[in-house]
Amino acid sequence: ALDGLSKVGGLDIAGLCGVFLGGAVYRIPVIMDGFISAVSALIAVQLAPLTSGFMIASHMSGEPAGKLMLDCLSKKPLINAEMRLGEGSGGVAALPLLDMAFAVYQSMCTFDEANFDAYQPL
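These figures come from a predicted structure and were not determined experimentally.

(A) Layout of the overall build of the protein chain. Across its full length, the protein chain carries five helices and two strands. When the helices and strands of the protein chain are read in sequence order from the N terminus, they spell out α-α-β-α-β-α-α. Over its C-alpha atoms the protein chain spans a radius of gyration of 18 Å, topping by over 25% the 14 Å that the globule rule assigns to 122 residues. Judged by the C-alpha coordinates and their principal axes, the protein chain covers about 60 × 30 × 30 Å. Within the protein chain, contacts between residues separated by at least 24 positions form 53% of all contacts whose residues are at least 6 apart in sequence. Surface exposure of the protein chain reaches about 8300 Å², of which carbon and sulfur atoms provide 65%.

(B) Representation of the packing of aromatic side chains in the model. On inspection of all chains with the given rule, the structure shows one aromatic pair. With a centroid separation of 5.4 Å and an interplanar angle of 75 degrees, the aromatic rings of F111 and F116 are classed as edge-to-face. Here the two residues F111 and F116 agree in accessibility, since each one is exposed.

(C) Main features of the nonpolar core. Among the nonpolar cores identified, the biggest contains 19 residues, and F20, M32, A41, I43, M55 and L73 are the most heavily contacted of them. Elements that contribute at least two residues to this core include exactly α2 (11-25), β1 (30-32), α3 (34-47), β2 (55-57) and α4 (66-73). Among the elements that make up this core, the one with the highest residue count is α3 (seven residues). Contacts of F20, omitting those with residues within four sequence positions, involve V30, I31, M32, S37, S40, A41, A44, T51 and M55.

(D) A look at the side chain of H59. Note on placement: H59 falls in the loop between β2 and α4. There is a polar contact of 3.0 Å between the side chain of H59 and the side chain of S58. In this structure, H59 is in contact with D33, G34, L70, P77, I79, M83 and G90, ignoring residues within four places of it in sequence.

Reading the values: rules and limits
Residues numbered from 1 in each chain as written. Predicted model: local features only at pLDDT ≥ 70, side-chain atom pairs only at ≥ 80, totals over all residues. Heavy atoms only, no water. Helix = DSSP H or I, 4+ residues; strand = E, 2+ residues; numbered from the N terminus. Rg over C-alpha atoms; globule rule 2.2 N^0.38 Å. Contact = heavy atoms within 4.5 Å. Areas by Shrake-Rupley, 256 points an atom, 1.4 Å probe, with all protein chains shown as cover. Phe/Tyr/Trp six-rings, centres within 6.5 Å; stacked < 30°, edge-to-face > 60°. Buried < 20%, exposed > 50% of the residue type's maximum accessible area, 1.4 Å probe, protein only. Core = buried A, V, L, I, M, F, W, Y, C linked by side-chain atoms within 4.5 Å. Polar contact = N/O pair within 3.5 Å; in protein donor to acceptor, adjacent residues only side chain to side chain.

Next up, the structure:
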């Protein structure tokens, strides 16, 4: 992976690869946004497989290889809208979904707290 990166990867891909590696080192999730960041994420996973656990796929790029990249990373996108805009638009679109999921996780009441009866099969 490092050999391929040094021969055909640009500074953008190398830099993003470092972001994914650094996120894993500091246990901070990093959002993938489209094809170029997925390429960088794949290189990071090839260099250090445990980094995969700290990656979130914001969306599946509408680029032809977008699905292939996410399949190689075994990631499912939060959004599937065939976006091709770039500039971090998929990552920005995913943030409200992640905020909502975190709010539900942190503050949703349990069935007992809401006085729901336990499920009884009929």
